[in-house]
Amino acid sequence: MNVLGIETSCDETAAAVVSSTGDDSRPWVTKSNVIASQVQIHREWGGVVPEIASRQHVRDICGVVEKALGDAGASWDSIDAIAVTQGPGLVGSLLVGVAFAKAAAARLGKPIVAVHHLAGHIESIFLEHGAIPLPAAILVVSGGHTSLYFVPQPGVYRLVGRTRDDAAGEAYDKVAKLLGLGYPGGPPIDRLAREGNDQAVDLPKPRFTHADRNPPPPDLMSRPFPPAYAHLAEFSFSGLKTAVVRHLQERHVSVASGLTVPTDAGPLNRQEVADFCASFQRVVVSSLVDKTFDAARWLGARSVGMAGGVSANSRLRQDALARGNREGLPVFVPSLTLSTDNAAMIAAAGLRKLERGETSSLDFNAYATLPIDGR
Ligand code: KG4
Ligand code: ZN
């Protein structure tokens, strides 16, 4: 089966062709994966401007899909189904992909399947690595989300924790803006952190008094999951951002309206910026790794996965792999192209649903927020 995946939830217009192999240990293969990034356009504004994003998707979608078909050596007739991101994301952006996918499915007379964006990030791990030991604890960590899922079987996603405030990628983007490093903030902070001393700046690690420090009471571990299970691991990054602002103010760096450092006003030299980046990254990564591994232990997980844009972070990958080695838990992370937003992961999540006979009717809508639909 050949599935055309379409992803337009934020500022990447993406299309991909993914095929099923019939081999359970490696069920899917990526035939093409095309991404038109709008990052250069939004950089000028310091972040994603929703209307500009929607308009750029309209411009790019036809060419991106044509290239995905061409790269795969596939004709429209060889496509068996279309998978498209339904949400969560920017509604104006999502609607471009959804409307395009519906028109194509109607024209071809082929099934369409609506996909949850985070199910796509989770399935990027299975697309990359094939079958992994289950149950797994999978962290989706991106610009919009920091959510931990328990995956007992393929295609089953149970939310067991999330951020109380900012997503980790959002914290990277905000801190990079404060340091005058541009948008998106993850890659420059990751690069500069390698030159910095991660103990140079004393930044607070978010602490909670309950679930994340003590195992949950045994009755919470029973199946089916009670709602309280969704608080097994809580993340928080907004306090860390405030601490960075305070430190910068102490260094007499002008922080206008909380979130802009005129780059020429700061007395920080390159080494000091690198130290800030390394210290910030140490706190974010240790919070992500500690909570994910604690939850994995409580859940009896046999593997740990990390996906989403922030999973491209070199220290997160390194520290998670080291912790996994120490605890005897294999760690699975997608390759860099599958970490950030792409359509191959959406096609994979679509295949997961199609393989159990699920398709969508042509009247489904796009949603800014959407509960994950794994059963
Ligand atoms: O998954 P993604 O492409 O889009 C969303 O669904 O949000 O993630 C984008 C986020 C941005 O916040 C970006 O700063 C972050 O991923 N990111 C990184 C790195 N590369 C991208 N964060 C930390 N380190 C990186 N190397
Ligand atoms: Zn994403």
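Residues numbered from 1 in each chain as written. Chains lettered and ligands numbered in written order. Predicted model: local features only at pLDDT ≥ 70, side-chain atom pairs only at ≥ 80, totals over all residues. Heavy atoms only, no water.

Q: Can you lay out the side chain of Arg352 for me, pointing to particular residues and giving the numbers?
A: By secondary structure assignment, the location of Arg352 is in helix H11 (residues 344–355). Within polar-contact distance, the side chain of Arg352 engages the side chain of Glu123 at 3.0 Å. Not counting the four nearest positions on each side in its chain, Arg352 is found in contact with Trp28, Glu123, Phe126, Pro154, Gly155 and Tyr157. (Helix = DSSP H or I, 4+ residues; strand = E, 2+ residues; numbered from the N terminus. Polar contact = N/O pair within 3.5 Å; in protein donor to acceptor, adjacent residues only side chain to side chain. Contact = heavy atoms within 4.5 Å.)

Q: Break down helix H3 (residues 91–108) for me, citing the residues and quoting the values.
A: Here H3 contains 18 residues, and its C-alpha end-to-end distance of 25 Å stays within 8% of the 26 Å for a straight helix at 1.5 Å per residue. Residues of H3 that are buried: Ser93, Leu94, Val96, Gly97, Val98, Phe100, Ala101, Lys102, Ala104 and Ala105. As for H3, its buried residues are in contact with strand E1 (2–7), helix H2 (50–72), strand E4 (81–87) and strand E5 (112–116). (Expected span 1.5 Å × (residues − 1). Buried < 20%, exposed > 50% of the residue type's maximum accessible area, 1.4 Å probe, protein only.)

Q: An account of unusual backbone geometry is requested, with residue identities and associated values reported.
A: When glycine is set aside, most residues are seen to have a negative phi, and most peptide bonds are trans. A cis amide bond, omega -10°, links Gly87 with the succeeding residue Pro88. Along the chain, Pro88 turns up in the loop between E4 and H3. Residue Pro184 is reached from Tyr183 by a cis peptide bond, and omega for that bond is -10°.

Q: Pulling in residues and values, what's your account of the packing of H2 against H3?
A: Contact geometry of H2 with H3 gives a least axis separation of 8 Å together with a crossing angle of 30°. For the element pair H2 / H3, the angle class is roughly parallel. As H2 packs across H3, the resulting crossing turns out to be right-handed. Within the contact between the two elements, H2 uses Ala53, Ser54, His57, Val58, Ile61, Cys62 and Val65 and H3 uses Gly92, Ser93, Val96 and Phe100. Taken together, the residues of the contact of H2 with H3 break down into 7 nonpolar, 4 polar and no charged. (Axes fitted to C-alpha atoms, helices over the stretch in contact; angles between N-to-C directions. Parallel < 35°, antiparallel > 145°, perpendicular 65-115°, else oblique. Left-handed = near helix turned anticlockwise from the far one by under 90°. Nonpolar A, V, L, I, M, F, W, Y, C, P; charged D, E, K, R; others polar.)

Q: Lay out the packing of aromatic side chains in plain terms, naming residues and giving numbers.
A: This structure, assessed with the given rule, holds 1 aromatic pair. Directly above the ring of Phe364 sits Lys102, whose terminal nitrogen or CZ lies 4.7 Å from the centroid. Sitting over the face of the ring of Phe126, Arg352 holds its NZ or CZ atom 5.1 Å from the ring centroid. (Phe/Tyr/Trp six-rings, centres within 6.5 Å; stacked < 30°, edge-to-face > 60°. Lys NZ or Arg CZ within 6 Å of the ring centre and 35° of its normal.)

Q: Pulling in residues and values, what's your account of the sheet that holds strand E7 (residues 146–151)?
A: Strands sit in the order E9-E8-E7-E6-E10-E11 across an open sheet of 6 strands; the sheet is mixed. In this open sheet, the two edge strands, each paired with only one partner strand, are strand E9 (233–235) and strand E11 (331–332). Examined bridge by bridge, strand E10 (residues 303–307) and E11 share 2 bridges and lie parallel to one another. Bridge assignment links Val304 to a residue of E11, and that residue is Val331. Relative to E9, helix H8 (residues 270–299) is tilted by about 170°, and along the sheet it contacts strand E6 (136–141), E7, strand E8 (158–163), E9, E10 and E11. (Pairing = 2+ DSSP bridges.)

Q: Go over the coordination of the zinc ion (ligand 2), please, and point to the residues and values.
A: Bound to the zinc ion (ligand 2) are the protein donor atoms His117 (NE2), His121 (NE2) and Asp341 (OD), situated 2.1 Å from the metal. Between the 4 donor atoms coordinating the zinc ion (ligand 2), the angles at the centre fall across 94 to 145°, so the site counts as irregular. Between consecutive donor residues of the zinc ion (ligand 2), the sequence gaps follow H-x3-H-x219-D. Here His117, found in helix H4 (residues 117–129), pairs with Asp341, found in the loop between helix H10 (336–339) and H11; they are 224 residues apart in sequence, far enough to count as distant. (Donors = N, O, S within 2.8 Å, 3.2 Å for Na, K, Ca; no water. Tetrahedral: all angles 85-135°; square planar, octahedral: opposite > 155°, others 65-115°.)

Q: Run through the nonpolar core, naming residues and quoting values.
A: Core analysis: the biggest nonpolar cluster contains 53 residues, and Leu179, Leu203, Val244, Phe280, Val284, Leu288 and Leu316 have the highest contact counts within it. Ranked by residues supplied to this core, first place goes to H8 with 16 residues. What Leu316 contacts, discounting residues up to four positions off in sequence, is Val141, Val285, Leu288, Val289, Met306, Val310 and Ser311. Judged by nonpolar contacts, the second largest core, of 36 residues, contains Ala14, Ile122, Ala307 and Leu338. (Core = buried A, V, L, I, M, F, W, Y, C linked by side-chain atoms within 4.5 Å.)

Q: Describe the pattern of salt bridges, and please don't skip the residues or the numbers.
A: Pairing between side chains of opposite charge can happen when the charged atoms of each approach one another. Evaluation of the coordinates by the stated rule reveals 17 salt bridges. Measuring nitrogen to oxygen at the nearest pair gives 3.0 Å for the salt bridge that ties Glu123 to Arg352. Highlighted residues: Glu123 in helix H4 and Arg352 in helix H11, separated in sequence by 229 residues. Exposure class is identical for Glu123 and Arg352. Each is buried. In this structure, Lys174 and Asp166 form a salt bridge, with 3.2 Å as the shortest nitrogen-oxygen distance. One salt-bridge network, in which partners are shared between bridges, spans Lys205, Asp290, Asp294, Arg297, Arg323 and Glu327. (Salt bridge = Lys/Arg side-chain N within 4 Å of Asp/Glu carboxyl O.)

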